[in-house]
Protein chains: 2
Amino acid sequence: MPRRARGVYPWWHGRFRGFGHRITLGREAILDVLIKANKHLSAEDIYMKVHSVYPSVGLTTVYRTLEILVKLGIIYKFDFGDGRARYEIVKDPKGVDHHHHLICSNCNRVIDYTEFIDDEVELFKRTEEGLAKKYDFKITNHLIQFYGLCKECSGKNKGF
Amino acid sequence: MPRRARGVYPWWHGRFRGFGHRITLGREAILDVLIKANKHLSAEDIYMKVHSVYPSVGLTTVYRTLEILVKLGIIYKFDFGDGRARYEIVKDPKGVDHHHHLICSNCNRVIDYTEFIDDEVELFKRTEEGLAKKYDFKITNHLIQFYGLCKECSGKNKGF
DNA sequence: TTGTTAATGGAAACCATATTCAATAAGGAG
DNA sequence: CTCCTTATTGAATATGGTTTCCATTAACAA
Ligand SMILES: [Mn+2]
Ligand SMILES: [Mn+2]
Ligand SMILES: [Zn+2]
Ligand SMILES: [Zn+2]
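Being a predicted model, the structure only gives us computed values, none of them experimental.

Student: Just to check I follow, could you spell out the protein's contact with DNA strand D for this structure?
Tutor: Around DNA strand D sit 20 residues, and of these Ser 56, Val 57 and Thr 61 of chain A together with Tyr 63 and Arg 84 of chain B come closest. Backbone sugar and phosphate groups make up 70% of those atoms of DNA strand D lying within 4 Å of the protein. Contacts to DNA strand D include Thr 24 of chain A, whose side-chain N or O atom sits 2.9 Å from a phosphate oxygen. A distance of 2.8 Å separates a phosphate oxygen of DNA strand D from a polar backbone atom of Ala 85 of chain B. Listing elements by their share of the surface near DNA strand D, those giving two or more residues are α4 (59-71) of chain A together with α4 (59-71) of chain B. The residue inventory of the surface near DNA strand D, partitioned by class, reads four nonpolar, nine polar and seven charged.

As structure tokens, this is what we get:
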């Protein structure tokens with residue numbers, strides 16, 4: 001039963017407690033994995049990592065915790081099309097780390113990119129305004145993903 | 001056992017046969033539903049419609065046929081985030097009917113839009129070139145979806 | 001018409017995620 | 001620090017869309 005040095009709390013504790021959630025060992029471990037991994041992890045990925053340190057934490061708790069974290073805007077949830085959700089820590093709550101993904105159709109590798117996001121944001125602002133007006137639709141967020149072949153798979157790709 | 005008027009074949013027969021697939025009653029019925037529906041149908045949607053005319057066609061065949069149709073580029077497959085895939089006929093194989101989707105987070109209504117696609121295409125051309133160069137990634141297609149609240153759900157939406 | 005073999009459907013398997021429920025522990029009150 | 005309330009937990013089970021199995025059927029080339 002590890003005990004935290006008094007007064008030292010991760011940034012997300014506030015938001016977490018603010019919404020009436022309790023801070024538990026499992027939840028800390030899960031967040032810790034997300035923060036350190038800095039990649040796109042599946043629930044199972046997270047479960048295995050957490051489990052290696054705290055074998056008592058179950059997969060169910062991982063799913064439940066991830067759900068809360070998404071709701072609180074602490075992590076992103078993505079679907080890269082391989083049948084399982086992926087989770088990624090939100091580095092900057094103000095949206096400065098806004099990025100999109102390049103997804104390899106062959107090896108499922110995922111590349112973050114932020115290049116051209118400025119142009120993109122500008123176009124989307126116009127598009128969103130136009131669409132909002134024309135269809136009376138209130139756009140709250142968007143999903144952009146490029147699919148193709150990564151460096152490794154590009155050369156000797158096995159069809160498909 | 002209906003028999004088609006001699007010599008009259010839908011446009012997709014050629015591509016279908018060209019890839020070594022047989023034209024069966026079930027497959028024709030499925031394509032027929034997709035063509036006439038002109039909407040975003042789930043496998044179950046299609047199954048029920050087909051089933052009402054040809055009760056002998058099973059759900060398995062629907063799934064198998066849809067898989068082939070996607071592979072041949074005759075239909076699109078989308079994931080709008082409600083846990084089931086949606087299928088939509090490709091009207092123009094040359095990509096002139098290229099469009100994206102507005103998805104209501106509340107009622108799951110889906111709106112096709114083609115507005116601003118020109119600007120978008122232009123931006124994407126630049127983006128794709130840049131990304132392809134920087135990451136050595138061969139982009140073959142993209143996915144763009146806007147999420148938000150539709151006209152009906154915008155006013156009196158029940159939280160979420 | 002016939003023979004080869006792709007296609008079929010019904011049942012069962014799959015698999016990520018959700019739910020149930022009795023046991024546990026976080027954390028506010030005292 | 002101790003107690004008490006109740007959110008949280010893990011294990012088992014359920015869920016639901018999609019896939020696989022396999023014996024039967026039917027498309028279509030010859
Ligand atoms: Mn990312
Ligand atoms: Mn569409
Ligand atoms: Zn790859
Ligand atoms: Zn709606």
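Back to the text.
Student: Please explain the pattern of salt bridges as it appears in this structure.
Tutor: Oppositely charged side chains can pair when the atoms bearing their charge come close. Summed over all chains, the structure comprises ten salt bridges over all chains. Note that Arg 126 of chain A is salt-bridged to Asp 119 of chain B, the shortest N-O span being 3.0 Å. Of the two residues, Arg 126 of chain A is situated in helix α5 (residues 117-135) and Asp 119 of chain B in helix α5 (residues 117-135); the pairing between them involves two chains. The salt bridge involving Arg 86 of chain B is made with Asp 45 of chain B; its shortest N-O contact spans 3.6 Å. Of this pair, Arg 86 of chain B sits in strand β3 (residues 85-89) while Asp 45 of chain B sits in helix α3 (residues 43-53), and the two are 41 residues apart along the sequence. We classify Arg 86 of chain B as buried; its relative accessible area is 18%. Taken together, the salt bridges that share partners define one network made up of Asp 45, Asp 82 and Arg 86 of chain A.

Student: Even after reading the chapter, I still don't get the packing of helix α2 (residues 25-37) of chain A against α4 of chain A, so can you show me in this structure?
Tutor: The relative placement of two packed helices is expressed as an angle between their axes plus a distance between the axes. Residue and element names in this part refer to chain A. As a packed pair, α2 and α4 sit with axes 10 Å apart at the nearest point and diverge in direction by 70°. On the basis of the axis angle, α2 is roughly perpendicular to α4. The hand of the α2/α4 crossing is right-handed. Residues Arg 27, Ile 30, Leu 31 and Leu 34 of α2 lie in contact with α4, whose contacting residues are Thr 61, Val 62, Thr 65, Leu 66, Ile 68 and Leu 69. Looking at the contact of α2 with α4, its residues break down into seven nonpolar, two polar and one charged.

Student: I'm lost on the coordination of the zinc ion (ligand 4) in this one. Help?
Tutor: Geometry reference: four tetrahedral donors at a metal, ideal angle 109.5 degrees. Six octahedral donors, ideal angles 90 or 180 degrees. Residue and element names in this part refer to chain B. The zinc ion (ligand 4) binds to the protein through Cys 104 (SG), Cys 107 (SG), Cys 150 (SG) and Cys 153 (SG), with metal-donor distances spanning 2.2 to 2.4 Å. For the zinc ion (ligand 4), the four donor atoms in the first shell make angles of 103 to 114° at the metal, so the coordination geometry reads as tetrahedral. In the primary sequence, the donor residues of the zinc ion (ligand 4) line up as C-x2-C-x42-C-x2-C. With Cys 107 in the loop between β4 (100-104) and β5 (110-113) and Cys 153 in helix α6 (residues 151-154), this residue pair connects regions lying 46 residues apart in the sequence. For Cys 153, a relative accessible area of 8% corresponds to the buried category.

Scoring rules and cut-offs
- Residues numbered from 1 in each chain as written.
- Chains lettered and ligands numbered in written order.
- Predicted model: local features only at pLDDT ≥ 70, side-chain atom pairs only at ≥ 80, totals over all residues.
- Heavy atoms only, no water.
- Near = heavy atom within 4 Å.
- Polar contact = N/O pair within 3.5 Å; in protein donor to acceptor, adjacent residues only side chain to side chain.
- Helix = DSSP H or I, 4+ residues; strand = E, 2+ residues; numbered from the N terminus.
- Nonpolar A, V, L, I, M, F, W, Y, C, P; charged D, E, K, R; others polar.
- Salt bridge = Lys/Arg side-chain N within 4 Å of Asp/Glu carboxyl O.
- Buried < 20%, exposed > 50% of the residue type's maximum accessible area, 1.4 Å probe, protein only.
- Axes fitted to C-alpha atoms, helices over the stretch in contact; angles between N-to-C directions.
- Parallel < 35°, antiparallel > 145°, perpendicular 65-115°, else oblique.
- Left-handed = near helix turned anticlockwise from the far one by under 90°.
- Contact = heavy atoms within 4.5 Å.
- Donors = N, O, S within 2.8 Å, 3.2 Å for Na, K, Ca; no water.
- Tetrahedral: all angles 85-135°; square planar, octahedral: opposite > 155°, others 65-115°.

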